[in-house]
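So you can see what is in the structure, the chains are spelled out below.
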Amino acid sequence: MATSLPNLYSFPNTEALAKQLRPYVLRCQHAALARHNTFRVAVSGGSLPAVLAKALLADHNGSPEDTPQFSKWQIFFADERAVPLDDKDSNYLLLKDELLSKIPAELGAPTVHPIDEKHVHDDDTQALADAYQEDLMRSFAAKESVKLPIFDLILLGCGPDGHTCSLFPGHELLREKDAWVAPETNSPKPPPKRITLTLPVVTSASHIAFVATGGGKKEILKAIFDNEEGRSLPSALVNHGAGDKVSWFTDHPAVEGIAFPRRGSL
Ligand SMILES: O=C1O[C@H](COP(=O)(O)O)[C@@H](O)[C@H](O)[C@H]1O
């Protein structure tokens, strides 16, 4: 468990949030490129891709600090549904529609790591999870001694029940210690079959950003930040495991009435 606290930022609306998310992501990009000349990022589905696109596709001033170098990005999925890549429930399709298909050619093209479609109709989603874990192992050049992949940045959403990735409240999967990617076969939010990065992988990332907006998230964010009972919620477990590596990008309606003290400006 981390001893430091997460950062909680809130903005008047999604536009203002996206304006601050952009430099945050680009600072992560620059740090990663300086370290290993590639930027390995995991992206969620849900409401996140639209906000990310708003941040990254905004007009830029052309300076290196303000320019996404997409050709050096390796994009993975924090979770994915066991559906074909052209299915309306696919997180890949969502990211493609919101962001990937709109990246101007001069910014380069990222390398994207979707799930292996050949396993999406298997009864058991373990093979789908294993295939994705193998992709991660290849991409992170894992040796026997490397226990976990260290993403440069993981971009997360938080559902109204406190789930993040496809890690749901009370599910056994929250206890997973060894696997990097695991199957979820009983998601309370459809579709039921999914794969997800595990909690140890999420909390090992160099930077973790949640994006949560709207009054519909107010009650769960209060539970996560202010209430002892919320400590076992998956999103709260990320806070506890990763401490100040975690930054929450919210809007004012989502954090109305929250007392949590660590609110900063970027
Ligand atoms: O099912 C999912 O939901 C979460 C949260 O979605 P949001 O719309 O409330 O932001 C999302 O982060 C995850 O990737 C997705 O599969």
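As a reminder, the structure under discussion sits directly above these lines.
Figured I'd write up the structure that's included with this text.

Criteria and cut-off values
Residues numbered from 1 in each chain as written. Predicted model: local features only at pLDDT ≥ 70, side-chain atom pairs only at ≥ 80, totals over all residues. Heavy atoms only, no water. Phe/Tyr/Trp six-rings, centres within 6.5 Å; stacked < 30°, edge-to-face > 60°. Helix = DSSP H or I, 4+ residues; strand = E, 2+ residues; numbered from the N terminus. Buried < 20%, exposed > 50% of the residue type's maximum accessible area, 1.4 Å probe, protein only. Near = heavy atom within 4 Å. Polar contact = N/O pair within 3.5 Å; in protein donor to acceptor, adjacent residues only side chain to side chain. Areas by Shrake-Rupley, 256 points an atom, 1.4 Å probe, with all protein chains shown as cover. Nonpolar A, V, L, I, M, F, W, Y, C, P; charged D, E, K, R; others polar. Pairing = 2+ DSSP bridges. Contact = heavy atoms within 4.5 Å. Axes fitted to C-alpha atoms, helices over the stretch in contact; angles between N-to-C directions. Expected span 1.5 Å × (residues − 1).

**What to know about the packing of aromatic side chains**
Two aromatic rings, taken as a pair, are described by how far apart their centres are and by the angle between their planes.
Link 1 in the chain: A complete count under the given rule lists 11 aromatic pairs for this structure.
Link 2 in the chain: Ring plane angle 65° and centroid distance 6.1 Å describe the contact between phenylalanine 77 and tyrosine 92, whose orientation is recorded as edge-to-face. Pair noted here: phenylalanine 77 is in strand β3 (residues 73-77) and tyrosine 92 is in helix α3 (residues 91-98), with a separation of 15 residues, a long-range link.
Link 3 in the chain: Overall, phenylalanine 77 belongs to the buried group, its relative accessible area being 3%.
Link 4 in the chain: Between phenylalanine 225 and tryptophan 248, the aromatic rings sit 5.2 Å apart at their centres with planes inclined by 75°, giving edge-to-face as the arrangement. Of the two residues, phenylalanine 225 sits in helix α6 (residues 218-226) while tryptophan 248 sits in strand β10 (residues 246-251), which places them 23 residues apart along the sequence.
Link 5 in the chain: The buried category is assigned to phenylalanine 225, whose relative accessible area is 10%.
Link 6 in the chain: By way of ring pairs, the aromatic residues Tyr9, Phe11, Tyr24 and Phe249 are connected into one cluster.

**Describing the environment of glutamine 69**
Link 1 in the chain: Assignment of secondary structure puts glutamine 69 in the loop between α2 (48-56) and β3.
Link 2 in the chain: When its relative accessible area of 27% is taken as the criterion, glutamine 69 is described as partly exposed.
Link 3 in the chain: Put simply, glutamine 69 and glycine 243 are 174 residues apart on the chain and 28 Å apart in space, counted from C-alpha to C-alpha.

**What to know about the site of the ligand**
Link 1 in the chain: Around the ligand, the structure places 15 residues, and the nearest of them are Gly45, Ser47, Asp79, Lys189 and Lys217.
Link 2 in the chain: In the model, an oxygen atom of the ligand is placed 2.6 Å from a nitrogen or oxygen of the serine 47 side chain.
Link 3 in the chain: Here an oxygen atom of the ligand sits 3.2 Å away from a polar atom, N or O, in the side chain of arginine 194.
Link 4 in the chain: Look at the ligand: alone it shows 400 Å² of surface, and the protein chains cover 94% of it.
Link 5 in the chain: Here the shell around the ligand is composed, by residue class, of 2 nonpolar, 8 polar and 5 charged.

**Description of the sheet that holds β10**
Link 1 in the chain: Pairing is parallel in the open sheet, where 7 strands are placed in the order β1-β10-β9-β6-β2-β3-β5. Each edge of the open sheet carries a strand with a single partner, namely β1 (7-11) and β5 (111-112).
Link 2 in the chain: Bridging between strand β9 (residues 208-212) and β10 involves 5 bridges; their strand directions are parallel. Looking at β10, one finds that alanine 212 is bridged to threonine 250.
Link 3 in the chain: Packed onto the sheet, helix α1 (residues 14-36) meets β1, β2 (39-43), β3, β6 (153-156), β9 and β10 and runs at close to 160° relative to β10.

**Focus: the pairing of strand β8 (residues 194-197)**
Link 1 in the chain: Residues of β8 alternate between two faces, with Arg194 and Thr196 on one and Ile195 and Leu197 on the opposite face, all of them buried.
Link 2 in the chain: Note that strand β4 (residues 79-81) and β8 share 3 bridges and pair antiparallel. Within the sheet, the bridge partner assigned to arginine 81 lies in β8 and is arginine 194.
Link 3 in the chain: Sheet topology places strand β7 (residues 181-184) next to β8; 4 bridges connect them, and they run antiparallel. By the bridge assignment, glutamate 184 is partnered in β8 with arginine 194.

**Some thoughts on the sheet that holds β4**
Link 1 in the chain: Ordered in space as β4-β8-β7, the 3 strands form an open sheet in which the pairing is antiparallel. Only two strands of the sheet have a single neighbouring strand rather than two, namely β4 and β7. Across the sheet, the mean angle separating the axes of adjacent strands is 20° when strand polarity is ignored.

**Description of α1**
Link 1 in the chain: The first and last C-alpha atoms of α1 sit 32 Å apart over 23 residues, in line with the 33 Å expected at 1.5 Å per residue.
Link 2 in the chain: The complete set of buried residues in α1 reads Leu17, Ala18, Leu21, Arg22, Tyr24, Val25, Leu26, Cys28, Gln29, Ala32 and Leu33.
Link 3 in the chain: The residue sitting at the N-terminus of α1 and contributing the capping side-chain oxygen is asparagine 13; that oxygen lies 3.3 Å from the backbone nitrogen of glutamate 15.
Link 4 in the chain: At the C-terminal side of α1, asparagine 37 shows a positive phi close to 60°.

**Focus on unusual backbone geometry**
Link 1 in the chain: With an omega dihedral of -5°, the bond running from proline 190 to proline 191 counts as a cis peptide bond.
Link 2 in the chain: Checked against the element boundaries, proline 191 lands in the loop between β7 and β8.
Link 3 in the chain: At cysteine 165, a position not held by glycine, the phi torsion is positive, near 50°.
Link 4 in the chain: Within the secondary structure, cysteine 165 sits in the loop between β6 and β7.
Link 5 in the chain: Note on cysteine 165: relative accessible area 5%, which makes it buried.

So, to be careful, I would describe these as geometric facts and stop short of saying anything about function.
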